[in-house]
Amino acid sequence: MAQAMRRQSSQSISLLSTDGKPHPLQDTLVAVTLILGAVAFVTAFFDNLHLLTSWTGLVGIVTGLYGQFISATTRERFALIIGLGASAIGFFLGMAHGGLFGGWIG
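Parameters and conventions
Within each chain, residues carry numbers counting from 1 in the order of the written sequence. In keeping with the model being predicted, local features are shown solely for residues with a pLDDT of at least 70 and side-chain atom pairs are shown and tallied solely at 80 or more, while totals for entire chains, interfaces and linings include all residues. The basis for the side-chain values is all heavy atoms of the structure; hydrogens and waters are excluded. Helix and strand labels come from DSSP, where a helix needs a run of H or I of at least four residues and a strand needs a run of E of at least two; each type is numbered from the N terminus. For this analysis, residues touch if any pair of their heavy atoms sits within 4.5 Å. Working definition: with a 1.4 Å probe on protein chains only, accessible area under 20% of the residue-type maximum means buried, over 50% means exposed, and in between means partly exposed. Excluding any residue in a salt bridge, patches collect residues exceeding 30% relative accessible area, merging like charges within 9 Å and nonpolar Val, Leu, Ile, Met, Phe, Trp and Tyr side chains within 5 Å. Working definition of accessibility: Shrake-Rupley area with a 1.4 Å probe, residue cover restricted to the visible protein chains. In what follows, salt bridge is the name for a side-chain nitrogen of Lys or Arg lying within 4 Å of a carboxyl oxygen of Asp or Glu. What is meant by a nonpolar core is a set of buried Ala, Val, Leu, Ile, Met, Phe, Trp, Tyr and Cys residues, joined one to another through side-chain atoms within 4.5 Å.

(A) Focus on the side chain of S87. Structurally, S87 is set in helix α3 (residues 74-97). The residues contacting S87, other than those within four sequence positions of it, are T33, L36, G37, A40, G57, G60 and I61.

If you want it as structure tokens, here you go:
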């Protein structure tokens, strides 16, 4: 079990990369999903912001699912699930308050 005792250098420790390799696309998708999820979740509490809530939730769900598809590390997947959950809650509440088009169509 010599590999278990090996020390990691400080250069290979990263917030989102546990394998020591850079993942710029995955890290960007994590950040975008978390930001969209936070916006969708916060604006879901206001009935008159249902357009912003539902669209940011939908885009957050799409970016989070694609990020899950190409993610390389567990930390990326964990953050993506948090963003996906917030986006989904915002999307569903936005749909309940008026939907994606809010009376503009129909």
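(B) Local environment of the environment of V59. Structurally, the position occupied by V59 is in helix α2 (residues 50-70). Taking the relative accessible area as the measure of exposure, V59 reaches 40% and is therefore partly exposed. For the pair V59 and L36, spaced 23 residues apart in sequence, the C-alpha separation works out to 7.4 Å.

(C) Structural detail: a nonpolar patch on the surface. A contiguous nonpolar patch, built from I35, V39, F41, V42, F45, F46, L49, L52, I89 and L93 and spanning about 870 Å² of accessible area, is present on the exposed surface. In terms of residue count, the dominant contributor to the nonpolar patch is helix α1 (residues 24-43) (4 residues). One can find F41 in helix α1.

(D) A look at the environment of G99. Locating G99 in the fold gives a position in the segment after α3. Overall, the relative accessible area of 6% leaves G99 in the buried class. Measuring from C-alpha to C-alpha, the distance between G99 and S54 comes to 6.4 Å, with 45 residues separating the pair along the chain. Setting aside residues no more than four positions away along its own chain, G99 makes contact with H50, L51, S54 and G94.

(E) Local environment of the nonpolar core. Core analysis: the largest hydrophobic core is formed by 5 residues, namely I61, L84, A88, F91 and L100. Among the elements that line this core, the one with the most residues is α3, at 3 residues. If sequence neighbours within four positions are ignored, L84 has contacts with T33, G60, I61, G64, L65 and Q68.

Remember, this is a structural readout, not a statement about activity or role.
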